[in-house]
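Structure at a glance
Single-letter residue listing:
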Amino acid sequence: MENRGAGPDNVMLAEGGLVISQTRLVSDGDTYAMASITSCRLRYSDETNQGIQFLMYCAWAASALIGIVVGFVIGGMAGLIVGAVVAVIGLVAAFVFIHPGYQLYHVLVGTNTGDMNIVSTRDEDFARRVERAINDAIIARG
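These lines cover the structure that appears in this document, whether it is placed above or below. Keep in mind the model is a prediction, meaning the values are calculated, not measured. Residue indices begin from 1 for each chain and proceed along its sequence in written order. It should be noted that, the model being predicted, local features are given only for residues of pLDDT at least 70 and side-chain atom pairs only at 80 or more, the latter also being counted only at that level, while totals for whole chains, interfaces and linings use all residues. Each side-chain value is worked out from all heavy atoms of the structure, with water and hydrogens disregarded.

**As for the overall build of the protein chain**
Basically, it comes down to this: Here a strand is any run of E in DSSP of at least two residues, a helix any run of H or I of at least four, and the numbering for each starts at the N terminus. Exposed residues in this analysis have more than 50% of their type's maximum accessible area, buried residues have under 20%, and partly exposed residues fall in between, with area computed by a 1.4 Å probe over protein chains only. Only the protein chains shown count as cover for residues, and all accessible areas are computed by the Shrake-Rupley method using a 1.4 Å probe.
Of the regular secondary structure elements, the protein chain holds three helices and seven strands. Along its sequence from the N terminus, the protein chain presents helices and strands in the succession β-β-β-β-β-α-α-β-β-α. Residues classed as buried in the protein chain amount to 32% of the 142 residues present. Total accessible area on the protein chain is roughly 8,900 Å²; 61% of this is exposed by carbon and sulfur atoms.

Shown next, in the form of structure tokens:
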């Protein structure tokens, strides 16, 4: 990062579209003065896709229904076993292949006008690096 200012501008973090220095924070093209940032914190939320959960339950119900039909078609104990195996395979596939949700990490900075979301990511390590860099920049500016 080229320094065009009058004094030193120590870069704490530069990754992707995010640059955090002692005097400024640049996030996706928006520039904020570090002097106006009073705090930084990390929050997370569980992002659950209701549509995917519904599909997961439908897939399991369909496999259970197919298992019952196969059980009746084959008949006897063998049919019961084959039907149960098909239902269990459907249940396992629904839980393994369709992930119901994930955690999303948000780095928020506090200013005199309120809180702003600087970055949202699934990568907890990246979010913690951003939080640490902003806090270091707040401390370094004095």
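**A short note on the pairing of strand β1 (residues 11-15)**
Basically, it comes down to this: One requirement defines pairing of two strands: DSSP has to find at least two bridges between them.
Summarising the sheet, β1 and strand β2 (residues 18-21) pair through four bridges and their orientation is antiparallel. In the strand pairing of β2, Leu13 is matched with Ile20. If you look at the hairpin formed by β1 and β2, you'll find two residues sitting between the two strands, and Gly16 has a positive phi there, around 60°.

**So, the side chain of Ser27**
To be explicit about the condition: Nitrogen and oxygen atoms within 3.5 Å of one another constitute a polar contact, given that in protein one can donate a hydrogen and the other can accept it, and given that sequence-neighbouring residues count only through two side-chain atoms. Residue contacts are defined here by distance: any two heavy atoms, one from each residue, within 4.5 Å place the two residues in contact.
Position of Ser27 among the secondary structure elements: in strand β3 (residues 24-27). Reaching out from Ser27, the side chain makes a polar contact with the backbone oxygen of Ile118 at a distance of 3.0 Å. Not counting the four nearest positions on each side in its chain, Ser27 is found in contact with Gly17, Leu18 and Ile118.

**Section: the nonpolar core**
Rules: As used in this record, nonpolar core signifies buried Ala, Val, Leu, Ile, Met, Phe, Trp, Tyr and Cys residues forming a set joined through side-chain atoms within 4.5 Å.
Of all hydrophobic cores here, the largest spans 20 residues; its most connected members are Leu18, Ile20, Leu25, Met34, Val107, Val130 and Ile134. Among the elements of the structure, β2, β5 (37-48), β6 (101-111), β7 (114-121) and α3 (124-141) are those that each provide at least two residues to this core. Ignoring any residue separated from it by four or fewer positions in sequence, one finds Val130 in contact with Leu13, Leu18, Ile20, Val107 and Val119.

**Re a nonpolar patch on the surface**
How we decide: Only residues whose relative accessible area exceeds 30% and that form no salt bridge are eligible for patches; like-charged ones are grouped when within 9 Å, while nonpolar side chains (Val, Leu, Ile, Met, Phe, Trp, Tyr) are grouped when within 5 Å. Salt bridge criterion: a side-chain nitrogen from Lys or Arg within 4 Å of a carboxyl oxygen from Asp or Glu.
There is a patch of nonpolar side chains on the surface, built from Leu65, Val69, Val73, Ile74 and Val82 and spanning about 450 Å² of accessible area. Per-element tally for the nonpolar patch: the top contributor is helix α1 (residues 50-74), with four residues. Checked against the element boundaries, Val69 lands in helix α1.

**Examining the pairing of strand β4 (residues 30-33)**
Where β3 meets β4, four bridges bridge the pair, whose relative direction is antiparallel. Residue pairing in the sheet places Leu25 in a bridge with Tyr32 of β4. A loop of two residues connects β3 with β4, the two strands running antiparallel in sequence, and Asp28 in this loop sits at a positive phi of about 50°.

**Some words on the sheet that holds β2**
Note the cut-off: Every angle, taken between N-to-C directions, lies between 0 and 180 degrees, and every axis is a line fitted to C-alpha atoms, over only the stretch in contact when it is a helix.
If you walk across this open sheet you meet the four strands as β1-β2-β3-β4, and the pairing is antiparallel. Sheet topology places β1 and β4 at the edges, where each strand pairs with a single neighbour. Taking each pair of neighbouring strands and ignoring which way they run, the sheet shows an average axis angle of 10°. The pairing of β2 with β3 spans three bridges and is antiparallel. For Ile20, the partnering residue across the bridge sits in β3 and is Leu25. Taken strand by strand, α3 contacts β1, β2 and β3, and its axis lies near 150° from that of β1.

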